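Structural characterization, general
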Amino acid sequence: QLQLQESGPGLVKPSETLALTCTVSGGSISTNRYHWGWLRQPPGKGLEYFGSIYYSGTTHYNPSLKSRVTISIDTSRNHFSLTLTSVTAADTAMYYCAGERGRTGLFDYWGQGSLVIVSS
Amino acid sequence: DIQMTQSPSSLSASVGDRVTIPCRASQNIDTFLHWYQQKPGKAPKLLIYSVSTLQNGVPSRFSGSGSGTDFTLTISSLQPEDFATYYCQQSYSSGYTFGQGTKLENK
């Protein structure tokens, strides 16, 4: 059973870069069964998808958010990462990493979430 | 972007009720429509995919229907553990989008 765990700072200053890492356990990140994705959920709101990465490094980004987002992967450490540049208060949210079945949009596995607050 | 609309944002029901939760897409998404359940403080959980296929372990009281732009999640007989927020999601376009959710509350 795959388990995902987000890690990173809970507080980021406006205009700075948000960086989160998701560590995968219970299996290898270098599997052809899953892509690895990032999503977020602002307080009291719905879910927003950033993009996904395959173990080969191939990325798929949500065109609406692509300009500030980078997703990377480190197969030697079994983890993948999200960076979001030039953050504002609107980026305050619970950030989730997730395992996407193939490239289907089906998120079978989720981390518990990491709350990031953007504030000076 | 494909917009996913869920209305109402909340729904009151009682244990044993039959509940239907609607979802509408801003354009035709064929059968690329999925449903997630989220309980407070927890990550979403995939419930139904491709309109009507139940994820492993999901009780048969849950079902999904629809095609094109209009979809429905149905709970045939509401159980106490079903009070949660339900989100629809499309994967027709690569920029997957979710509805704003329908919160199922105890009447």
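Here's a quick rundown of the structure.

Rules used in this analysis
- Position numbers for residues start from 1 in each chain and track the written sequence from start to end.
- For this description, chains carry letters from A and ligands carry numbers from 1, given in the order in which they are written.
- Two thresholds apply to this predicted model, a pLDDT of at least 70 for residue-level local features and 80 or more for giving and counting side-chain atom pairs, whereas whole-chain, interface and lining totals are computed over all residues.
- Where side-chain values are given, they derive from all heavy atoms of the structure, hydrogens and water being excluded.
- Put simply, DSSP H or I for four residues or longer makes a helix, DSSP E for two residues or longer makes a strand, and each gets a number counted from the N terminus.
- As defined in this context, the radius of gyration uses C-alpha atoms, and a globule is described by 2.2 Å times the residue total to the power 0.38.
- Burial classes: relative accessible area under 20% of the type maximum marks a residue as buried, over 50% as exposed, and values in between as partly exposed (1.4 Å probe, protein chains only).
- Each accessible area value is a Shrake-Rupley result obtained with a 1.4 Å probe; residue values ignore everything except the protein chains displayed when judging cover.
- By the counting scheme adopted, Arg and Lys are positive, Glu and Asp are negative, and His together with the chain ends is not counted.
- Note that the charge is assigned to NZ on lysines, CZ on arginines, CG on aspartates and CD on glutamates.
- Here, two residues are considered to be in contact whenever any of their heavy atoms come within 4.5 Å of each other.
- Any two strands between which DSSP finds at least two bridges are classified as paired.
- A carboxyl oxygen of Asp or Glu within 4 Å of a side-chain nitrogen of Lys or Arg is what we treat as a salt bridge.
- Two parts placed together each lose some accessible area under a 1.4 Å probe, and the buried area is that loss summed for both.
- Contacts described as polar in this section are N or O atom pairs within 3.5 Å, which, within protein, must combine one atom able to donate a hydrogen with one able to accept it, while residues neighboring in sequence count only if both atoms come from side chains.
- Note on disulfides: each one is a pair of cysteine sulfur atoms within 2.5 Å.

Another point: the overall build of chain B. On a plain count of helices and strands, chain B comes out with zero helices and eleven strands. The globule rule puts the C-alpha radius of gyration for 107 residues at 13 Å, and the 13 Å found for chain B is close to it. Taking the principal axes of its C-alpha atoms as reference, chain B extends roughly 35 × 25 × 25 Å. When burial is assessed residue by residue, chain B has 48% of its 107 residues classed as buried. As displayed, chain B offers around 4,900 Å² of accessible surface, 43% of which is attributable to carbon and sulfur atoms. Put simply, chain B has 8 plus and 7 minus side-chain charges, and the middle of one group is 7 Å from the middle of the other.

Okay, the side chain of aspartate 91 of chain A next. By secondary structure assignment, the location of aspartate 91 of chain A is in the loop between strand 8 (79-84) and strand 9 (93-101). Setting aside its immediate chain neighbours within four residues, aspartate 91 of chain A contacts Arg40, Arg68, Leu84, Ser86, Val116 and Val118 of chain A.

Take serine 7 of chain B: it is sitting in the loop between strand 1 (4-5) and strand 2 (10-13). The spacing of serine 7 of chain B and arginine 61 of chain B is 54 residues in sequence and 22 Å in space, taken between C-alpha atoms.

Attention now goes to the sheet that holds strand 3 (residues 19-25) of chain B. Residues and elements named next belong to chain B. An order of 1-3-8-7 is seen for the four strands of this open sheet, with the pairing classed as antiparallel. With partners counted over all chains shown, the strands left at the sheet margins are strand 1 and strand 7 (62-67), one partner each. Summarising the sheet, strand 3 and strand 8 (residues 70-75) pair through six bridges and their orientation is antiparallel. Pairing of threonine 20 across the sheet is with threonine 74, part of strand 8.

Moving on, we come to the pattern of salt bridges. As enumerated under the stated definition, the model contains nine salt bridges over all chains in all. Arginine 68 of chain A serves as the salt-bridge partner of aspartate 91 of chain A, at 2.9 Å between the closest nitrogen and oxygen. Of this pair, aspartate 91 of chain A sits in the loop between strand 8 and strand 9 while arginine 68 of chain A sits in the loop between strand 6 (59-61) and strand 7 (69-74); the two residues are 23 residues apart in sequence, bridging distant segments of the chain. The class of aspartate 91 of chain A is buried, set by a relative accessible area of 2%. Ionic pairing is found between aspartate 70 of chain B and arginine 24 of chain B, a salt bridge with its closest N-O pair at 2.6 Å.

Now for the interface of chain A and chain B. The partner chain B presents 19 residues to the 20 residues of chain A that form the contact. Carbon and sulfur atoms make up 52% of the area that chain A and chain B hide from each other, which totals about 1,600 Å². Its largest share of buried area at the contact with chain B, chain A owes to Leu47, Leu106 and Trp110 of chain A, together 30% of the area lost on that side. Inspection of the chain A/chain B interface yields zero salt bridges. Between chain A and chain B we count 16 residue pairs in polar contact (both at pLDDT 80 or more) in total.

The tally for this structure, following the rule as stated, stands at two disulfides over all chains. Between the sulfur of cysteine 22 of chain A and that of cysteine 97 of chain A lies a disulfide, 2.1 Å long from S to S. Its torsion about the S-S bond being 60°, the disulfide of cysteine 22 of chain A and cysteine 97 of chain A is classed as right-handed. Placement of the pair is cysteine 22 of chain A in strand 3 (residues 18-25) and cysteine 97 of chain A in strand 9, with a sequence separation of 75 residues. Across this residue pair, the class does not change: cysteine 22 of chain A and cysteine 97 of chain A are buried. Paired through a disulfide, cysteine 23 of chain B and cysteine 88 of chain B show a sulfur-sulfur distance of 2.1 Å. Every disulfide takes its handedness from the sign of the S-S torsion; for cysteine 23 of chain B and cysteine 88 of chain B that torsion is 75°, giving right-handed. A residue pair is termed long-range when its members are at least 10 positions apart, and cysteine 23 of chain B in strand 3 and cysteine 88 of chain B in strand 9 (residues 85-90) qualify at 65 residues. Exposure remark for cysteine 88 of chain B: the relative accessible area of 0% places this residue in the buried category.

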